[in-house]
Amino acid sequence: MLRVAVVGGAGYIGGELLRLVLGHPDLTLAATTSRRLAGRRIDSTHPNLRGVTDLTFIGPDQLTSYDVVLLATGHTETMHSMPDMIGRAGVVIDLSADFRLADQAQYRRYYQAEHAHPELVSSFVTGLPEVHRKRLAEADRISVPGCMATAAILALQPLAEADLITGLVTVDARTGSSGSGAGASAANVHAERSGAMRVFAPAGHRHEAEISQSIGARPVSMTATGVEAVRGVQVLCRVPVAAGITERDLRIRYREFYRDEPFVRVVTTRTGLYRLPEPKILTGTNYCDVGFAVDDAHRQVIAIAALDNLVKGGAGNALQCLNVRFGLPERTGLDFIGLHPV
């Protein structure tokens, strides 16, 4: 059994990490931290874990040594503690943004901060098994992409690797309220959020840098809208392509690209209510559904993806990376197939 510590276990991503680690047959949850809640039971914050564990939160200064540390602490905060975390575990999996971007100028631009440990960035492998599986199998430091970035990358990767993208990619992303985290703010109280479709990033969302990095530094422009859902991400990526690409060409390309992937499903049905990727039916799962449409009039493909922002967009992806790193079947601990209706 691998001993695992979850650092930053009080938030929504932290709670999902706890849930998944506790349900994984090859992992033991050895510790989880919260400065604010140290000494309190985990299930006082995450009531879905009642009867599953008697553990309490500890302070970060009480951490010891572990096989794996999963970090769910904040952007621009995690980088300061990373040298200490590396010393505490053979494998560190980070879910913050601090080690995602190779270009430090991009990090400064999108996060308005100087990196505290730029010398460590190149030692991290991007935590997306569908793209980096071979490197992840030997990686001791893993950086999991953002939720909307993960969806967009998986939507775009078959086109990028076939060199079918001819210009600026525009990404229109929609996300549920849990993407804002567990901290309350005026924008997220029920009276303000309920019924709203709030464009919170009309241009320049920070995930566009991760998407561009993954698809060969091609230009990306991204907007993001908060919608009335708790979980879920859906992205529509408008991709300029050469004339003559047909729906049949894309169906063959996407199905071949994702043929052996356990958690990516190509959705291209012509009938029914769920003809294209829809996050509602992915709640709690580690799946990312991808699909597409062809706009011949404007020589573009609309690549679409949906996922649960807290699972495939975060904690589930981290556990999938852990499985790859330790040679475990990738589905281990991640086999929930979703609900319908929900």
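Look a little higher up for the structure.
Cut-off values and rules
- Residues numbered from 1 in each chain as written.
- Predicted model: local features only at pLDDT ≥ 70, side-chain atom pairs only at ≥ 80, totals over all residues.
- Heavy atoms only, no water.
- Patch = residues over 30% accessible without salt bridge, like charges linked within 9 Å, V, L, I, M, F, W, Y side chains within 5 Å.
- Areas by Shrake-Rupley, 256 points an atom, 1.4 Å probe, with all protein chains shown as cover.
- Salt bridge = Lys/Arg side-chain N within 4 Å of Asp/Glu carboxyl O.
- Helix = DSSP H or I, 4+ residues; strand = E, 2+ residues; numbered from the N terminus.
- Buried < 20%, exposed > 50% of the residue type's maximum accessible area, 1.4 Å probe, protein only.
- Pairing = 2+ DSSP bridges.
- Right-handed = clockwise from strand over helix to strand, strands pointing away.

A. Summary view of a nonpolar patch on the surface. A cluster of nonpolar side chains, namely Phe 336, Leu 339 and Val 342, defines an oily patch on the protein surface of about 270 Å² accessible area. Looking at where Phe 336 falls in the secondary structure, it is placed in the segment after helix H9 (311-325). With a relative accessible area of 36%, Phe 336 lands in the partly exposed category.

B. Spotlight on the pairing of strand E4 (residues 89-94). Judged by how many residues are buried, E4 sits mostly within the fold: five of six residues are covered. In the sheet, strand E3 (residues 66-71) pairs with E4 via five bridges, with the strands oriented parallel. Within E4, the position partnered with Leu 70 by the bridge is Ile 93. Between the parallel elements E3 and E4, the chain passes through helix H2 (residues 78-88) in a crossover that is right-handed. Of the pairings in the sheet, the one linking E4 to strand E6 (residues 141-143) comprises three bridges and is parallel in character. Within E6, the position partnered with Asp 94 by the bridge is Ser 143.

C. Representation of unusual backbone geometry in the model. For the bond from His 340 to Pro 341, the omega torsion is 0°, close enough to zero to count as cis. With respect to the helices and strands, Pro 341 occurs in the segment after H9. Backbone geometry places Thr 76, a non-glycine residue, at a positive phi of 70°. Looking at the secondary structure, you find Thr 76 in the loop between E3 and H2. The phi torsion at Asp 163 lies on the positive side, around 55°, for a residue other than glycine. You can see Asp 163 is positioned in the loop between helix H5 (147-161) and strand E7 (169-175).

Honestly, it's all geometry; don't read function into it.
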